[in-house]
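The lines below spell out each chain.
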Amino acid sequence: MSETNTRLRGRPRDGRTTPHGRWWIAACGAAIGWLATIACGGGGDAPRAARQSADRVFANLRPAVVLADADADPADPASAPRFRLRERMAHYAVEGLAVSAVRRGQPAWTRVWGEDADGRELEPETWFWLGDLSSLGATLVALRLVDEGTLGLDEDLRPRSSSAVVRRLPRAVDLRQVLGQTSGLRPAEPLGVRAETLLAEIRQATEPGTRFERSEANWALLEDVVTAASEPADFVGAFERLVLEPLAVRHGGEPALAWTDPPQGALRAARRGIGGEPIEVDPQPLAARGLWGTPAGLALLAASLVEAQASTEAPHPPLLSRRLRRELEEPGLGGWKLGVQVGDEAAWVGRRSAHGLAVAHPASGDALAVLTTTGRGDELAAEILLAVAEEFGWSGLEPERLQPRPLKVEGLIGMVGTYRFEGSAAAPAVDLGLSLRGQQLVLDAPAGFFPWEGATSTVLYPVRGGLRMLERPGEVHMSLGGGGVWELRYAGRTGRKVSAAGTAGEGESEVPVRSLDDGRSGH
């Protein structure tokens with residue numbers, strides 16, 4: 001096994017790398033220092049090959065969505081434009097980045113660039129609050145309980161809950177629905193409250209199993225049920241026993257993962273949101289967003305979703321049964337299955353969010369974790385995923401090629417205008433403009449609003465089923481709201497047209513601008 005941990009401060013020093021190999025052992029609030037130094041400066045072919053592989057990845061980034069070009073051959077990856085990592089970090093205004101890869105179930109390399117939101121240089125051992133990606137840990141502990149027979153995927157969870165409100169729900173809710181985000185449960189409390197508080201006001205808004213709707217209520221109920229089913233009744237203890245300890249056995253040291261807080265004295269990465277505001281750590285409910293980890297720890301967590309293929313290391317039993325691993329590769333409603341997102345043609349399983357991603361490749365046992373210090377990292381993470389897939393030989397992952405249709409200007413005239421988004425505690429007020437420029441529909445925003453360098457506008461392309469932008473900042477929808485006024489929904493916010501209402505063409509009252517990222521917001 002080899003691991004190349006590299007820190008690059010500012011510009012890479014004449015292209016050289018500085019190998020490190022420091023792993024923290026963490027177990028929920030307590031830390032045991034353990035230092036393992038791995039020689040990578042020419043001490044063998046394997047470390048050199050790992051460095052060269054990583055170098056190729058970060059010199060060959062390409063956009064995740066491109067316009068179909070008659071001059072580019074879709075079957076020839078070399079025909080697409082390529083960029084170096086620093087170029088793309090600047091393009092997406094990502095100030096700090098950490099990437100860790102797993103090959104055939106074993107750590108391959110970890111690299112970091114830049115600084116966190118407080119100006120501290122990142123290290124391979126820096127801990128990140130994982131936010132939405134925390135649900136990977138909660139998913140694994142629940143599925144481990146299924147494998148050992150403590151929980152059933154199709155078992156009614158109401159009798160197991162500690163909440164009297166849950167026990168009185170009118171319709172049965174099972175673990176499959178909770179993990180798949182189809183339970184129909186919604187919280188009455190605002191986000192960021194403890195599981196028991198959220199469950200006290202939970203309600204069943206839709207028929208279970210019929211509609212995909214991501215909700216913190218699902219993760220709160222999962223945390224509650226896992227706690228009740230564990231012996232002793234402890235969610236964190238169950239994770240340590242069922243996930244962390246087996247991973248430690250498989251990799252000769254405990255991966256750096258901990259709930260609520262990293263170990264005392266550990267390096268922590270501060271983050272900023274899309275608007276530049278500091279991101280406050282909000283770890284409740286735990287199952288939704290309470291996990292901390294290093295890039296390497298997160299990559300190993302993602303790798304445990306699948307079975308490693310041929311490895312030079314001694315074989316270890318996979319964390320999940322074959323039955324559950326197979327189910328994970330079959331997408332359900334919303335592209336989710338048993339608590340994870342599933343890529344097209346099951347090219348990957350895991351989670352993607354504004355913070356980055358943590359995914360595994362089922363056919364090889366490889367995995368990738370990408371973490372950024374701003375809320376603008378999902379675009380860059382998507383490009384890194386493509387480059388890693390190409391380098392590692394993953395099938396089914398290529399840039400999406402848009403084939404725009406002719407723009408029907410007459411049906412869009414009524415949408416043109418300024419849309420006002422009211423301010424809130426989470427985001428300031430902002431006006432977005434929608435305009436027709438020649439034969440293009442353009443969305444305009446103030447400087448710094450779009451998550452890519454220097455952009456104040458983006459073109460919306462007509463495709464089958466609606467409109468698309470090349471970038472992936474989230475879903476956008478145009479629709480006629482109350483009083484016949486056009487509304488523009490973007491990144492979880494709704495703006496109303498402040499000029500007179502327009503009239504849409506026939507069949508165009510709802511025009512979605514779709515995105516590759518179905519895991520950016522919510523839980």
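For the structure itself, look to the data block above.
What comes next concerns the included structure.

Thresholds applied
Residues numbered from 1 in each chain as written. Predicted model: local features only at pLDDT ≥ 70, side-chain atom pairs only at ≥ 80, totals over all residues. Heavy atoms only, no water. Salt bridge = Lys/Arg side-chain N within 4 Å of Asp/Glu carboxyl O. Helix = DSSP H or I, 4+ residues; strand = E, 2+ residues; numbered from the N terminus. Buried < 20%, exposed > 50% of the residue type's maximum accessible area, 1.4 Å probe, protein only. Expected span 1.5 Å × (residues − 1). Bend = angle between axes of the 7 residues up to and from the residue. Polar contact = N/O pair within 3.5 Å; in protein donor to acceptor, adjacent residues only side chain to side chain. Axes fitted to C-alpha atoms, helices over the stretch in contact; angles between N-to-C directions. Parallel < 35°, antiparallel > 145°, perpendicular 65-115°, else oblique. Left-handed = near helix turned anticlockwise from the far one by under 90°. Contact = heavy atoms within 4.5 Å. Nonpolar A, V, L, I, M, F, W, Y, C, P; charged D, E, K, R; others polar. Core = buried A, V, L, I, M, F, W, Y, C linked by side-chain atoms within 4.5 Å.

**A closer look at the pattern of salt bridges**
- Summed over all chains, the structure comprises 29 salt bridges.
- With a closest N to O distance of 3.4 Å, Arg103 and Asp366 form a salt bridge. Within this pair, whereas Arg103 is found in strand S6 (residues 96–103), its partner Asp366 is found in strand S17 (residues 366–372), the two being separated by 263 residues in sequence.
- With its nearest N and O atoms 2.5 Å apart, the salt bridge here joins Asp444 to Arg437.
- Relative accessible area serves as the criterion here: at 18%, Asp444 is assigned to the buried category.
- Each of Asp154, Arg176, Glu327, Glu330 and Lys337 takes part in salt bridges that share partners, so that together they form one network.

**Topic: the environment of Pro462**
- Tracing the sequence through the fold places Pro462 in strand S22 (residues 457–463).
- With 58 residues separating them along the chain, Pro462 and Pro404 place their C-alpha atoms 5.4 Å apart.

**Details of helix H8 (residues 235–251)**
- Between its terminal C-alpha atoms H8 stretches 23 Å, which fits the 24 Å expected from 17 residues at 1.5 Å a residue.
- The axis of H8 is deflected most strongly, by about 35 degrees, at Arg241.
- With respect to burial, H8 is a largely interior element, 12 of its 17 residues being buried.
- N-capping of H8 is provided by Asp234, with a side-chain oxygen placed 3.2 Å from the backbone N of Val236.

**Concerning unusual backbone geometry**
- Omega for the peptide link from Glu231 to Pro232 comes to 0 degrees, which places this bond in the cis form.
- Relative to the assigned elements, Pro232 resides in the loop between helix H7 (216–229) and H8.
- Phi angles above zero are rare outside glycine, and Ala93 is one such case at about 55 degrees.
- Summarising the element assignment, Ala93 is placed in the loop between helix H2 (85–91) and S6.
- The phi torsion at Arg104 lies on the positive side, around 50 degrees, for a residue other than glycine.
- Take Arg104: it is sitting in the loop between S6 and strand S7 (106–114).
- Under the relative-accessibility criterion, Arg104 is labelled partly exposed at 40%.

**Observations concerning the packing of helix H3 (residues 135–147) against H7**
- At a minimum axis distance of 10 Å, the contact between H3 and H7 shows a crossing angle of 40 degrees. Taken as axis vectors, H3 and H7 run oblique relative to one another. Relative to H7, H3 is oriented so that their crossing is left-handed. In this structure, H3 uses Ser135, Ala138, Thr139, Val141, Ala142 and Leu145 to contact H7, whose residues at the interface are Trp219, Leu222, Val226 and Ala229.
- Of the residues in the contact of H3 with H7, the class split is 8 nonpolar, 2 polar and no charged.

**Side note on H3**
- Taking 1.5 Å of rise per residue, 13 residues should cover 18 Å, and H3 covers 18 Å from first to last C-alpha, within 8% of that figure.
- What H3 keeps buried is the set Ser135, Leu136, Gly137, Ala138, Thr139, Leu140, Val141, Ala142, Leu143, Leu145 and Val146.
- With its phi angle positive at about 85 degrees, Gly149 sits one or two positions after the end of H3.

**Section: the nonpolar core**
- Of all hydrophobic cores here, the largest spans 76 residues; its most connected members are Leu221, Leu222, Phe235, Val243 and Leu301.
- Each residue touching Val243, except ones within four places of it in the same chain, is listed here: Leu140, Val141, Arg144, Ala238, Leu301 and Leu319.
- By size, the runner-up hydrophobic cluster in this structure holds 37 residues, among which are Ala101, Trp113, Leu380 and Val388.

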